[in-house]
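Residue strings, one per chain:
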Amino acid sequence: MKQRTYSGARWEEQAAYCRAVRAGRFIAVSGTTAVDGNGNVVGGNNVYAQATFVFAKIQGALEELGADMKHVVRTRTFLTDMARFEGFARAHRETFRGIDPAATCLEVSRLVDDRLLIEVEVDALLP
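For the structure given in this document, a descriptive report is provided here. Here the residue numbers are simple positions, counted from 1 along each chain's written sequence. In keeping with the predicted nature of the model, local features appear solely for residues at pLDDT of at least 70, side-chain atom pairs appear and are counted solely at 80 or more, and the whole-chain, interface and lining totals rest on all residues. Water and hydrogen atoms play no part in the side-chain values, which are based on all heavy atoms of the structure.

1. A short note on the environment of Val 73
Step number 1: Of note, Val 73 is situated in strand E4 (residues 72–79).
Step number 2: Judged by relative accessible area, Val 73 falls into the partly exposed class, the value being 43%.
Step number 3: Taking the C-alpha atoms as reference points, Val 73 and Ala 124, 51 residues apart in sequence, are found 5.3 Å from one another.
Step number 4: Only heavy atoms enter the contact rule, under which two residues are in contact if any of them lie within 4.5 Å. Look past the residues within four positions of Val 73 in its chain and what remains in contact with it is Pro 101, Ala 102, Asp 123, Ala 124 and Leu 125. Numbered from the N terminus, helices here are DSSP runs of H or I no shorter than four residues, and strands are runs of E no shorter than two. Note on classification: 1.4 Å probe, protein chains only; a residue is buried when its accessible area is under 20% of the maximum for its type, exposed when over 50%, partly exposed between these limits.

2. Digging into the pattern of salt bridges
Step number 1: A pairing counts as a salt bridge when a side-chain nitrogen of Lys or Arg comes within 4 Å of a carboxyl oxygen of Asp or Glu. Summed over all chains, the structure comprises seven salt bridges.
Step number 2: A salt bridge links Glu 121 to Arg 76; the nearest nitrogen and oxygen atoms lie 3.4 Å apart. In this pair, Glu 121 is assigned in strand E6 (residues 118–125) and Arg 76 in strand E4, connecting sequence segments 45 residues apart.
Step number 3: The closest approach of N and O atoms between Arg 90 and Glu 94, which form a salt bridge, is 3.4 Å. Placement of the pair is Arg 90 and Glu 94 together in helix H3 (residues 85–96), with a separation of four residues, close to one helical turn.

3. Concerning the sheet that holds E4
Step number 1: Each pair of strands is called paired provided DSSP finds at least two bridges between the two strands. Sheet architecture is open: six strands sit in the order E1-E2-E3-E6-E4-E5, paired in mixed fashion. With partners counted over all chains shown, the strands left at the sheet margins are strand E1 (2–5) and strand E5 (102–107), one partner each. On average, each strand axis in the sheet is tilted by 10° relative to the strand beside it, whichever way the strands run.
Step number 2: In the sheet, E4 pairs with E5 via six bridges, with the strands oriented parallel. Considered in E5, the bridge of Thr 77 is made with Cys 105.
Step number 3: Orientation is described by axes fitted as lines to C-alpha atoms, over the contacting stretch for helices, and by angles from 0 to 180 degrees between their N-to-C directions. Sheet contacts for helix H2 (residues 47–64): E1, strand E2 (20–23), strand E3 (26–32), E4 and E6; angle to E6, the most-contacted strand, approximately 30°.
Step number 4: Contacts from H3 reach E4, E5 and E6, with the element oriented near 165° to E4.

4. Some words on the nonpolar core
Step number 1: Side-chain atoms within 4.5 Å are what join buried Ala, Val, Leu, Ile, Met, Phe, Trp, Tyr and Cys residues into a set we call a nonpolar core. Counting 27 residues, the largest nonpolar core has Ile 27, Phe 55, Ile 58, Leu 62 and Ile 118 as its most contacted members.
Step number 2: Mapped by element, the contributors of at least two residues to this core are E3, H2, E4, H3 and E6.
Step number 3: No other element matches the eight residues that H2 contributes to this core.
Step number 4: Ile 27 has contacts with Ala 20, Val 21, Arg 22, Leu 62, Leu 65, Ala 67, Val 122, Asp 123, Ala 124 and Leu 126, leaving out every residue within four places of it along the chain.
Step number 5: One finds Ala 9, Trp 11, Phe 78 and Leu 116 within the second-largest nonpolar core, a separate group that totals six residues.

And the structure:
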């Protein structure tokens, strides 16, 4: 049995996906960006601010599926400029210190909206 949660982002309907899906003990959270429920980009040109918002959005999706950040076992991060890595790393460290998931960070040429600086996916595993 699968359980899904949606954030209301316009791209979910457009591309037919959900924010996160739980299958048994496994939860996959789709690529998450700093877009709020009204479609506004949060954090401006500040990757730390965008990353902080993204991690809070991911936390909300996990909670809807019966999990939280302590259950995260892997993160995948896409940055539009690796020169901004420290801002992302600071937010990741603040969120995951002591959890220390496996992590990947890649630079990409662009995201779905040019104002977005970061996109994060996570996988979680419930006990």
